[in-house]
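Structural overview
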Amino acid sequence: MTDFFRHTIEQLLLSTNLGAATVSTLLMLSLIVVNALICVVIGVVCQFVILPLSHAIVKRTKTKLDDIFLNSRFLKALSRTIPNLAFMAMLPGCLPEGTTEAPLTYIIVKHIADTLVTLSFVWVIAAMLNNIRDYANHSNTFRNYHIDGIIQFLKLMVYFIGLVIVISFIINKSPITLFAGLGAAATVMMLIFKDSILGLVASIQISLNKMIKKEDWIIIDSKGVNGVVEEVNLTTVKVRNYDNSVSMIPPYSLVSESFQNWGCMHEVGKRRVMRSILIDSHSIHFTDEQHTTTNLALFRHHAEEYLRNHPNVAQNEWLMARELEPTAHGLPLQLWFYLNITEFVLYEQTAAEIMEYLIASLPKFNLKIYQYSLPLPN
């Protein structure tokens, strides 16, 4: 097709009696314009024919994998790459025959074409990385791994490499030469991308060790964080606290500092209750003449029996009522058991009902709660 246009345009230009140099230049420019128009037509066909047809075929397939990887975002990026590749492939045919050194105009157009192709490939790779992220987030196997941070770092590297290649086209230098020169500036680059590098390393550690995932409840006392993880990316971990404030913390702080993760509690479906009742020591006494049993021992057995028969208490976990070391404020009787409830409000209500029952049962065993009272004034 290029030969046909070349011959036709050349015959028209020769019929104008212009100079050979002028004819050669106009022929080259005309062929470039013709190739650009052909690529525009290719782009229109890709955009309005091939793209909708491909999208319809993907939607009709039974598998869901192609819906993620061949979505409209990726197909659109691919459809815009094809015309640019076609233009770059046809561009050498625009040079005048027998040319040993390309004209400046051709060099400029070639650099523009190379830049467009590079940006197109960057867009395609970024779209594919986004699709990999979406697949990982919807996959039961990978959803607990923090792919977002790794994908963001890879996209950052793709953008950086694309930028270097584009700059190499502008200054007419080899990209390899520029990358080699960047080795001398590695220290500066590490300072610029310090947070991203630390975030990447932290994201990998968090993923491999399964330290946190979305919807986990975490507590970081040093940073005043107490809430649910909403997002984990390359540079920040977004946590919505229970007072509806939002905390943004760097991922590497989760690796370098200690924090508490309550997410496993929801997975297990059980939550511990560990609360104490302060018993007035003066109310503890023997209940038999042989002095073998105390009313506190009877109450402990009653409390354990009550917990064993409670429908919301997990029976396959630790369950006990134990005495702690006596204090000046009475004898602490600690109740240790697990509820098969993890929802915060319902958990607190159930635990409160259990404790209220046990406290109300103390008088039946002639026991009293220690309650400090100030001496009355004279």
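Above: the structure in question.
I will try to describe carefully the structure that is included in this document. All values reported here derive from a predicted model rather than from experimental measurement. (Residues numbered from 1 in each chain as written. Predicted model: local features only at pLDDT ≥ 70, side-chain atom pairs only at ≥ 80, totals over all residues. Heavy atoms only, no water.)

**What about the packing of aromatic side chains?**
- This structure, assessed with the given rule, holds five aromatic pairs.
- Summarising the aromatic geometry, the rings of W217 and W262 are spaced 5.0 Å apart at their centres and angled 20° between planes, so their arrangement reads as stacked. One end of the pair, W217, is in strand β1 (residues 217–220); the other, W262, is in the loop between β5 (260–261) and α11 (263–268), with 45 residues separating them in the sequence.
- Take W217: its relative accessible area is 8%, and that puts it in the buried class.
- Under the relative-accessibility criterion, W262 is labelled partly exposed at 24%.
- Among the aromatic residues, those joined into a cluster by ring pairs are W217, Y242 and W262.
- In this structure, R271 packs its charged tip against the face of W262, placed 5.3 Å from the ring centre. (Phe/Tyr/Trp six-rings, centres within 6.5 Å; stacked < 30°, edge-to-face > 60°. Helix = DSSP H or I, 4+ residues; strand = E, 2+ residues; numbered from the N terminus. Buried < 20%, exposed > 50% of the residue type's maximum accessible area, 1.4 Å probe, protein only. Lys NZ or Arg CZ within 6 Å of the ring centre and 35° of its normal.)

**A few points about a nonpolar patch on the surface**
- Residues V40, V41, V44, V45, F48, V49 and I50 make up a contiguous nonpolar surface patch of roughly 630 Å² in combined accessible area.
- With respect to the secondary-structure elements, V49 resides in helix α2 (residues 20–60). (Patch = residues over 30% accessible without salt bridge, like charges linked within 9 Å, V, L, I, M, F, W, Y side chains within 5 Å. Areas by Shrake-Rupley, 256 points an atom, 1.4 Å probe, with all protein chains shown as cover. Salt bridge = Lys/Arg side-chain N within 4 Å of Asp/Glu carboxyl O.)

**Things to note about helix α12 (residues 295–308)**
- Helix length check: α12 (14 residues) gives 20 Å between terminal C-alpha atoms against 20 Å at 1.5 Å per residue, within 8%.
- Listing the buried residues of α12 in full gives N295, L296, A297, F299, A303, E304 and L307.
- Lining the buried residues of α12 we find β6 (271–279), β7 (320–323), β8 (331–339) and α13 (344–361). (Expected span 1.5 Å × (residues − 1). Contact = heavy atoms within 4.5 Å.)

**Some thoughts on unusual backbone geometry**
- Backbone geometry places H291, a non-glycine residue, at a positive phi of 55°.
- Secondary-structure assignment places H291 in the loop between β6 and α12.
- Here the phi dihedral of N366 falls at roughly 55°; this positive angle occurs in a residue that is not glycine.
- Turning to its location among the elements, N366 is positioned in the segment after α13.

**Some thoughts on the environment of S258**
- Looking at where S258 falls in the secondary structure, it is placed in the loop between α10 (251–256) and β5.
- Looking at S258, the relative accessible area reads 67%, which means it is exposed.
- For the pair S258 and D221, spaced 37 residues apart in sequence, the C-alpha to C-alpha distance is 8.9 Å.

**What to know about the packing of α12 against α13**
- Orientation of α12 relative to α13, taken along the N-to-C sense of each, is 150°, at an axis distance of 11 Å. Between α12 and α13, the angle is such that the two are roughly antiparallel. The crossing of α12 and α13 is right-handed. Residues F299, H302, A303, Y306 and L307 of α12 touch α13, and the partners they reach there are I354, Y357, L358 and S361. (Axes fitted to C-alpha atoms, helices over the stretch in contact; angles between N-to-C directions. Parallel < 35°, antiparallel > 145°, perpendicular 65-115°, else oblique. Left-handed = near helix turned anticlockwise from the far one by under 90°.)

**Structural notes on the pairing of β8**
- Most of β8 is tucked away: nine of the nine residues are buried.
- The side-chain alternation of β8 yields two buried faces, one formed by L331, L333, L335, F337 and L339 and the other by P332, Q334, W336 and Y338.
- Here four bridges tie β7 to β8, and the two strands are oriented antiparallel to one another. Bridge pairing in β8 places A321 opposite L335. (Pairing = 2+ DSSP bridges.)

**Some remarks on the packing of helix α4 (residues 72–90) against helix α5 (residues 104–138)**
- One way to put it is that α4 packs onto α5 with a least axis distance of 9 Å and a crossing angle of 160°. Looking at the two axes, α4 sits roughly antiparallel to α5. Regarding α4 and α5, the two cross each other, and that crossing is left-handed.
- Of the residues that constitute the contact of α4 with α5, the class distribution is 15 nonpolar, five polar and five charged. (Nonpolar A, V, L, I, M, F, W, Y, C, P; charged D, E, K, R; others polar.)

**A word on the environment of R308**
- Within the secondary structure, R308 sits in helix α12.
- R308 sits 29 residues away from F337 along the chain, and the two C-alpha atoms are 9.5 Å apart.
- In this structure, R308 is in contact with Q315 and L319, ignoring residues within four places of it in sequence.

**Focus on the sheet that holds β6**
- On the basis of which strands lie adjacent, the open sheet formed by three strands has the order β6-β8-β7 and antiparallel pairing. Of all strands in the sheet, those bounded by a partner on one side alone are β6 and β7. Ignoring strand direction, the axes of neighbouring strands in this sheet form an average angle of 20°.
- Packing against the sheet, α12 makes contact with β6, β7 and β8, and its axis sits at approximately 10° to β8.
- The strands touched by α13 are β6 and β8; relative to β6, the strand with the most contacts, the crossing angle is about 30°.

**Some words on the sheet that holds β1**
- Read from one edge to the other, the open sheet built from five strands follows the order β4-β3-β2-β1-β5, with strand pairing classed as antiparallel. Each edge of the open sheet carries a strand with a single partner, namely β4 (246–249) and β5.
- The sheet contact formed by strand β2 (residues 225–232) and strand β3 (residues 237–241) spans five bridges and is antiparallel. Bridging across to β3, V228 finds its partner in R240.

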